[in-house]
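Results of the structural survey
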Amino acid sequence: MLPEVDSTNAEAARLAGTLAGPEWICALRQIAGRGRRGRPWADPQGNFAATLLLMPREAPQVVALRSFVASLALYDAFAAATGRVDGLSLKWPNDVLLNGGKVAGILLESLGQRRGVAHLAIGIGVNLASAPAAETVEPGALRPVSLLSETGVHVDPESFLGLLAEAYAGHEARFVTYGFAPLREAWLARAARLGEVITARTGNAEITGTFETVDEAGNLVLQTRAGRQAVAAADVFF
Ligand SMILES: O=C(O)CCCC[C@@H]1SC[C@@H]2NC(=O)N[C@@H]21
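Residues numbered from 1 in each chain as written. Predicted model: local features only at pLDDT ≥ 70, side-chain atom pairs only at ≥ 80, totals over all residues. Heavy atoms only, no water.

The protein chain is annotated in an unreviewed UniProt entry as biotin--[biotin carboxyl-carrier protein] ligase from Salipiger profundus. Listed under Catalytic activity (unreviewed entry) in UniProt, the entry text for the protein chain is "biotin + L-lysyl-[protein] + ATP = N(6)-biotinyl-L-lysyl-[protein] + AMP + diphosphate + H(+)". (UniProt positions renumbered as here; feature names shortened; annotations may be inferred.)

**Focus: helix α3 (residues 66-82)**
End to end, α3 covers 24 Å across 17 residues, agreeing with the expected 24 Å (1.5 Å per residue, within 8%). For α3, the tally of buried residues reaches 14 of 17 residues, placing the bulk of the element in the interior. Where α3 ends, the next residue or the one after it, Gly83, has phi of about 80°, a positive value. (Helix = DSSP H or I, 4+ residues; strand = E, 2+ residues; numbered from the N terminus. Expected span 1.5 Å × (residues − 1). Buried < 20%, exposed > 50% of the residue type's maximum accessible area, 1.4 Å probe, protein only.)

**Regarding the packing of α3 against helix α6 (residues 181-189)**
Look at α3 against α6: their axes get within 10 Å of each other, and the N-to-C directions meet at 50°. As far as their axial angle goes, α6 and α3 are oblique. For the pair α3 and α6, the sense of crossing is left-handed. Contact residues: α3 offers Phe68, Val69, Ser71 and Leu72, while α6 offers Leu183, Ala186 and Trp187. Looking at the contact of α3 with α6 residue by residue, the classes come out as 6 nonpolar, 1 polar and no charged. (Axes fitted to C-alpha atoms, helices over the stretch in contact; angles between N-to-C directions. Parallel < 35°, antiparallel > 145°, perpendicular 65-115°, else oblique. Left-handed = near helix turned anticlockwise from the far one by under 90°. Contact = heavy atoms within 4.5 Å. Nonpolar A, V, L, I, M, F, W, Y, C, P; charged D, E, K, R; others polar.)

Structure below.
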């Protein structure tokens, strides 16, 4: 556990190519944590920040499905930490919600080849002890919440890493052995707003429709007035 780092994803990029196998890189504090789409990620003391550095061998579109592996692992880690699943749900593509607010986020970064081996960084940030103020997130985004404020349960980052690493290992083994199908089913069973009208914002387009499913490739499938649309990458608004 590093006392402080700029970003565990940045540290993973620096270490890629020097490690023989997968490794969790965890820090007690990040001073330049990054979120999806270039957004900053606040990470005060007491919250969880870690990156799992992997050397996957599959094609890039299969490697990207690890965001679902990580989401399910987070869900299980929360369940193990609190002893309950009520209030927990998963938001496409890879946020964890607690009582409708965002409690954890995942940032997948492909690091390319190092010494001939492909590397993937799965960065995971969890508001264990505190959440950023609602005014600091973009308009329309879900309110940030912390595990402590929503459940009264205090979990330190070291203990959370133990729970998460164990849960991740189980889902990773299932993914490698059986493929995406069982994970997709498990993810859909925990999905927030399935069957409801949601909006997906991609770069400059906005698609509103009924959240029908997530397809075999991990795309968000919306039933819109113009027909069925599969979205590969977007921010989702409820
Ligand atoms: O935007 C999101 O929801 C993703 C947030 C990911 C934050 C984590 S904290 C650990 C890792 N290191 C980073 O710099 N970012 C990720």
